[in-house]
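Spelled out, the chains give:
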Amino acid sequence: QVHLVESGGGLVQPGGSLRLSCAASGSIFTINAMGWYRQAPGKQRELAAAITKGGSTNYADSVKGRFTISRDNVKNTVYLQMNGLKFEDTAVYYCNAVGIQGLNYWGQGTQVTVSS
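What counts and what doesn't
- Residues numbered from 1 in each chain as written.
- Predicted model: local features only at pLDDT ≥ 70, side-chain atom pairs only at ≥ 80, totals over all residues.
- Heavy atoms only, no water.
- Disulfide = S-S within 2.5 Å.
- Helix = DSSP H or I, 4+ residues; strand = E, 2+ residues; numbered from the N terminus.
- Buried < 20%, exposed > 50% of the residue type's maximum accessible area, 1.4 Å probe, protein only.
- Salt bridge = Lys/Arg side-chain N within 4 Å of Asp/Glu carboxyl O.

Before going further, it helps to examine the state of the cysteines. The final tally for this structure, using the stated rule, is one disulfide. Between the sulfur atoms of Cys22 and its disulfide mate Cys95 the distance is 2.0 Å. Disulfide Cys22-Cys95: torsion about the S-S bond near -85°, hence left-handed. Linking Cys22 in strand 3 (residues 18–26) with Cys95 in strand 9 (residues 91–98), this pair joins segments that are 73 residues apart in sequence. For the pair Cys22 and Cys95, one class covers both residues: buried.

Here's what the structure looks like:
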């Protein structure tokens, strides 16, 4: 099993930056990919960014050029650097890990609020 703990959310002004962290523990070797999902009020949960075990990345069109997903294998942590934040980025951000046989693991979520 994989356990995910997120941190780094908070309140930021438009144009500001935040870095989210997701620390993984447990059966880390079973993880094939990790990603950051977000769910804004009144909207469906969507994939913002993902990174595979091979290092390939994928981003939603809405965050391309502004968000960067990365990993630190020593710390078993995945990051989401969020720059140029907009009002529409306001959401609860959830760390996700996909393990063997397609099993999904989720963090508890961290709130990101972009407001002036």
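We are not done yet, so read on.
In this section: the pattern of salt bridges. Any two side chains of opposite charge can pair if their charged atoms end up close together. Evaluated as defined, the whole model comprises four salt bridges. For Glu46, the salt bridge goes to Arg38, with nearest N and O atoms at 2.8 Å. Residue classification places Glu46 among the partly exposed positions, given a relative accessible area of 34%. Look at the salt bridges and you will find they share partners, linking Arg38, Glu46, Arg66 and Asp89 into a network.

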